[in-house]
Amino acid sequence: MKSYKTEADIVDSLIKLKGDEFSEYRKQWDLVNSFKLETEFPLFLHIETSYQCNFKCPMCVQGQPALKDKFGYSGRMTTEQIRKILEAVDPSMCAMVLLGINAGFGNTDCARLPISAVDLEDGWIDFPRPKTAIQRRIPLWPETMEALRTAIDQRPEPKDPDVADLCFVTVQGAAFVRTAPSKKSPGQFVVFNTVSNHFARLLKRLGINGRKGLGFYTLRHNFETIAGESRDQVAVNSIMGHADSSMAAAYRERISDERLQAVVEVVRKWLFDSQD
């Protein structure tokens, strides 16, 4: 195998291999690096693949405190706001809101939750996160269990066999989050997120969404933030369904039910016993 001592050696070899096209590319590269040339499209793209947010995207408020201040973004709701929402919603949305704050569920988590994954006798959900396929085992509050029973008992008749086992079905008998072929752009698909749409209208009706950035997914932010007060981040991550590529995760064989229950109980006390 040939060894290269300098960058110039590598460039010379690539020019011999690729010819004039690569030679011209390197000339432009040098001009761009010396700020003597501005191209319409980047000469080089660095793509970072990740299964979890690294809070580095320059256009996202999650990683830019200045943007949070500029746009009045708030990453979580108060207990008063959440309790106000629970008092104003229908059975299906009530159960989904409780899953958001009890289990860290997002829109798609709720929309794809099958009845078969819910144990309403002992109060547990065993359901992988749709986004990451990471298995989750989540203890349910008594309030969440009661709301789920009511939502399942009163759910509309599913119109498609694919949604027959789902906990939540729209009045049209469809899934709350679904994709369908675009009527305007043949060959493309559009996403119908009824959870997000209903929740946005609810916040507006209740006068809660005065600050930008609040939505159904905010409940997941709330859970992560408050659950961290349990001081058991490993158990919190497990409930959230976060990807963990650490060596500790590779060696960890189990997380006890007692640890998971302790985490959700911290959030339950915050929601129902505090005035935050």
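Parameters and conventions
- Residues numbered from 1 in each chain as written.
- Predicted model: local features only at pLDDT ≥ 70, side-chain atom pairs only at ≥ 80, totals over all residues.
- Heavy atoms only, no water.
- Phe/Tyr/Trp six-rings, centres within 6.5 Å; stacked < 30°, edge-to-face > 60°.
- Helix = DSSP H or I, 4+ residues; strand = E, 2+ residues; numbered from the N terminus.
- Buried < 20%, exposed > 50% of the residue type's maximum accessible area, 1.4 Å probe, protein only.
- Expected span 1.5 Å × (residues − 1).
- Pairing = 2+ DSSP bridges.
- Core = buried A, V, L, I, M, F, W, Y, C linked by side-chain atoms within 4.5 Å.
- Contact = heavy atoms within 4.5 Å.
- Axes fitted to C-alpha atoms, helices over the stretch in contact; angles between N-to-C directions.
- Parallel < 35°, antiparallel > 145°, perpendicular 65-115°, else oblique.
- Nonpolar A, V, L, I, M, F, W, Y, C, P; charged D, E, K, R; others polar.
- Lys, Arg positive; Asp, Glu negative; His and termini not counted.
- Salt bridge = Lys/Arg side-chain N within 4 Å of Asp/Glu carboxyl O.

Student: How should I be thinking about the packing of aromatic side chains in this particular structure?
Tutor: Aromatic ring pairs are described here by two measures, namely the spacing of the ring centres and the angle between the planes. Counting across every chain of the model gives five aromatic pairs. Centroid distance phenylalanine 105 to phenylalanine 127: 6.3 Å. Interplanar angle 50°. Geometry classified as tilted. With phenylalanine 105 in the loop between helix 5 (91-103) and helix 6 (107-111) and phenylalanine 127 in the loop between strand 2 (124-126) and strand 3 (137-139), this residue pair connects regions lying 22 residues apart in the sequence. Judged by relative accessible area, which is 0%, phenylalanine 105 ranks as buried.

Student: So what exactly am I meant to see when it comes to helix 5 here?
Tutor: Count 3.6 residues to each turn of an α-helix, and residues three or four apart come out pointing the same way. Taking 1.5 Å per residue, 13 residues should reach 18 Å; helix 5 reaches 17 Å between its end C-alpha atoms and fits that length. The element helix 5 is extensively covered by neighbouring structure, given that 12 of its 13 residues are classed as buried. Looking at helix 5, one finds that the buried residues are Ser92, Met93, Cys94, Ala95, Met96, Val97, Leu98, Leu99, Gly100, Ile101, Asn102 and Ala103. Phi turns positive one or two residues past the end of helix 5, at glycine 104, with a value near 70°.

Student: What's the story with the sheet that holds strand 2 in this structure? I'm lost.
Tutor: Whenever strands of a sheet pair, they do so through backbone hydrogen bonds, lying parallel or antiparallel. One open sheet holds the three strands; their spatial order is 1-2-3, and the pairing between them is antiparallel. Unpaired on one side and paired on the other, strand 1 (118-119) and strand 3 mark the two borders of the sheet. Pairing geometry for strand 1 and strand 2, over two bridges, is antiparallel. Looking at strand 2, one finds that aspartate 119 is bridged to tryptophan 124.

Student: How should the nonpolar core be read in this particular structure?
Tutor: By size, the foremost hydrophobic cluster in this structure holds 59 residues, and its most contacted members are Ile85, Phe168 and Phe199. Looking at this core element by element, the count peaks at nine residues for helix 5. Each residue touching phenylalanine 168, except ones within four places of it in the same chain, is listed here: Ser92, Ala95, Met96, Leu99, Cys110, Leu148, Ala151, Ala174 and Phe176.

Student: In this structure, what is going on with the packing of helix 10 (residues 233-240) against helix 12 (residues 257-273)? I would like to understand it.
Tutor: For any two helices packed against each other, one specifies the inter-axial angle together with the distance between the axes. Between helix 10 and helix 12, the shortest axis-to-axis distance is 9 Å and the interhelical angle comes to 85°. One way to sum up the angle between helix 10 and helix 12 is to call them roughly perpendicular. Seen from helix 10, the contacting residues are Val234, Ala235, Val236, Ser238 and Ile239; seen from helix 12, they are Arg259, Leu260, Val263 and Val264. Grouping the amino acids of the contact of helix 10 with helix 12 by side-chain chemistry returns seven nonpolar, one polar and one charged.

Student: Explain the side chain of arginine 220 here, please?
Tutor: Tracing the backbone shows arginine 220 in helix 9 (residues 218-227). Aspartate 109 provides the closest opposite charge to the buried, unpaired arginine 220, separated from it by 4.5 Å.

Student: How should the environment of glutamate 121 be read in this particular structure?
Tutor: Checked against the element boundaries, glutamate 121 lands in the loop between strand 1 and strand 2. Given the relative accessible area of 71%, glutamate 121 is considered exposed. Considered as a pair, glutamate 121 and methionine 145 are 24 residues apart in the sequence and their alpha carbons are 8.7 Å apart.

These values are about where atoms sit, not about what they do.
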